[in-house]
Amino acid sequence: MSTIAERAAAAAGRTADTDDLKLPDGYVDQFPAPEPTTDPMASYEPGDDDPEMVPVHIAWLRVRKEVRAIAKGEQYNGGGTRFNFRGVDTVVNTFGPVTLKHGINIFPVGVEAEHRDTTTSKGSKMRECTATVSWMVMGPKGDTLPVLLKTRGEALDSADKGTAKAQSVALRVLLLTGGLTPTHDKDPDASHVDRGEAPVRPAIQYLDEITHPQTSAGRLRQIHFELKQTNQLGALLTNEVGDEERAGDMVVRIGKERAAGGNQ
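Numbers given for residues are sequential positions, taken from 1 along each chain in its written order. Whole-chain, interface and lining totals are the exception, using all residues; otherwise, since this is a predicted model, local features are given only for residues with pLDDT of at least 70 and side-chain atom pairs are given and counted only at 80 or more. Excluded from the side-chain calculation are hydrogens and water; included are all heavy atoms of the structure.

Considerations on a nonpolar patch on the surface
Here is the rule we go by: Patch membership needs two things, relative accessible area over 30% and no salt bridge, and members are linked within 9 Å if like-charged or within 5 Å if nonpolar (Val, Leu, Ile, Met, Phe, Trp, Tyr). Using a 1.4 Å probe, accessible areas were evaluated by the Shrake-Rupley method; residue-level cover was limited to the displayed protein chains. Basic side-chain nitrogens of Lys or Arg form a salt bridge, by our definition, when they fall within 4 Å of a carboxyl oxygen of Asp or Glu. The helix and strand labels rest on DSSP assignments: H or I over at least four residues marks a helix, E over at least two residues marks a strand, and numbering proceeds from the N terminus. Residue burial is assigned from relative accessible area. The probe radius is 1.4 Å, only protein chains are included, and a residue is buried under 20% of its type maximum, exposed over 50%, and partly exposed in between.
A surface patch of nonpolar side chains, about 260 Å² in accessible area, is lined by Phe107, Val109 and Leu148. Tracing the backbone shows Phe107 in strand 3 (residues 105–119). When its relative accessible area of 35% is taken as the criterion, Phe107 is described as partly exposed.

In structure tokens:
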């Protein structure tokens, strides 16, 4: 390729000589050749603001030590349902700075997504996504946990955001379960209720049901079992003709009569 001086000389109908190739006096090169650079990490050593170079499992334990709890501070109220929950943003905003401090990196290394079309109760078309995400947890030294962690997330969306939402939910599940993050809500065992015995239904209260023509054979067998459990098979009841009859005998007799009548 010719130089600018050579092309200029050729345009003028002559050949560029040595003087044409000289730079003028006082010329300053506006584009000097770049000086060789060195790798900025070549002499890197952990400083006061850098994570301590510990194995990944130790770094993750330190993250858990700082993230003591995340309360269910958000509330869903719709469709006749109300409940408190821990949202994706809340969880990520809590874990993000702490994992950065201790040199923990979390990478999604595999996503398996399943989709299906569905409709809301009001008839709106929605797209449901269930995403199974495989995560790699890396420590400050570059080592990783010995297994890939898998979590699943589900999401509905009317446009094209269902997969992204499902992956965000899967990340929340990873952080909360992998961090064993409590809510500090009231422990269910903190309240105690003494459960009393259910009152026994007296045999007389079964009489109308036993003699009712629409009572099925299956229900009669159940009544016989209930009377046996409460030791009331021998209780005397007034039957259809005004005579006293043992409750258990009455149930068996009526059951056989109806079975016989159904076979005729």
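What about the pattern of salt bridges?
Under the criterion given, the structure shown has 13 salt bridges. Two residues, Glu66 and Lys101, come together in a salt bridge whose shortest N-O distance is 2.8 Å. Of this pair, Glu66 sits in helix 2 (residues 56–66) while Lys101 sits in helix 3 (residues 88–101), and the two are 35 residues apart along the sequence. With relative accessibility at 37%, the residue Glu66 sits in the partly exposed group.

Re the environment of Glu52
As a reminder of what qualifies: Contact definition: two residues touch when any of their heavy atoms are within 4.5 Å. Whenever a nitrogen or oxygen atom comes within 3.5 Å of another N or O atom, the pair is scored as a polar contact, on the condition that within protein one atom can donate a hydrogen and the other can accept it, and that pairs from neighbouring residues in sequence are kept only if both atoms are in side chains.
Its place among the elements puts Glu52 in the loop between helix 1 (4–11) and helix 2. On the accessibility criterion, Glu52 (49% relative accessible area) is partly exposed. Distance from Glu52 to Pro140, taken between C-alpha atoms, is 7.3 Å for residues 88 residues apart in sequence. Look past the residues within four positions of Glu52 in its chain and what remains in contact with it is Arg62 and Pro140. At a separation of 2.8 Å, a polar atom in the side chain of Glu52 contacts the side chain of Arg62.

Description of helix 4 (residues 162–178)
For the record, the criterion: In this analysis, the expected span of each helix is defined as 1.5 Å times one less than the number of residues it contains.
The end-to-end C-alpha distance of helix 4, which contains 17 residues, comes to 24 Å, matching closely the 24 Å that a straight helix rising 1.5 Å per residue would cover. Listed in full, the buried residues belonging to helix 4 are Gly162, Ala166, Val169, Ala170, Leu174, Leu175 and Leu176. In this fold, the buried residues of helix 4 make contact with helix 2, helix 3, strand 3, strand 4 (125–138) and strand 5 (149–157). Trailing helix 4 by a residue or two, Leu180 shows a phi angle of about 45 degrees, which is positive.

Points about the nonpolar core
Stated formally: We call a set of buried residues a nonpolar core when its members are Ala, Val, Leu, Ile, Met, Phe, Trp, Tyr or Cys and they connect through side-chain atoms within 4.5 Å of each other.
Within the largest apolar cluster, 14 residues are counted, with the highest numbers of intra-cluster contacts made by Trp60, Val63, Val67, Ile70, Val91, Phe95 and Ile104. Those elements that place two or more of their residues in this core are helix 2, helix 3 and helix 4. Considering every element that reaches this core, the biggest residue donor is helix 2, with 4 residues. The contacts of Val67, once residues within four sequence positions are left out, are Thr94, Phe95, Val98 and Thr181. Counting residues in hydrophobic clusters, the runner-up holds 12 residues, among them Ile210, Leu227, Met250 and Ile254.

A short note on helix 2
Formally: Our arc is simply the arc of the directions from the helix axis toward the C-beta atoms.
Here helix 2 has its buried residues at Val56, Ala59, Trp60 and Val63. Down the axis of helix 2, the buried side of the element spans an arc of 100 degrees, and every buried residue falls inside it.

Regarding the packing of aromatic side chains
Our working rule: Stacked, tilted and edge-to-face are the three classes applied to pairs of Phe, Tyr and Trp rings, where Trp contributes its six-membered ring and a pair requires centres within 6.5 Å; stacked means planes under 30 degrees apart, edge-to-face means over 60, and tilted covers the rest. We call a charge positioned above a ring when the Lys NZ or Arg CZ atom is no farther than 6 Å from the ring centre and deviates by at most 35 degrees from the ring normal.
Taken as a whole and assessed by the stated rule, the structure comprises 3 aromatic pairs. Ring centres 6.3 Å apart and planes at 15 degrees place the aromatic pair Trp60 and Phe95 in the stacked group. Here the residue Trp60 occupies a position in helix 2, and Phe95 occupies one in helix 3, the gap between them amounting to 35 residues. As far as the burial class goes, Trp60 and Phe95 line up, both buried. What links up through ring pairs into an aromatic cluster is the set Tyr76, Phe83 and Phe85. The ring of Tyr206 carries the charged tip of Arg201 above its face, separated from the ring centre by 4.0 Å.

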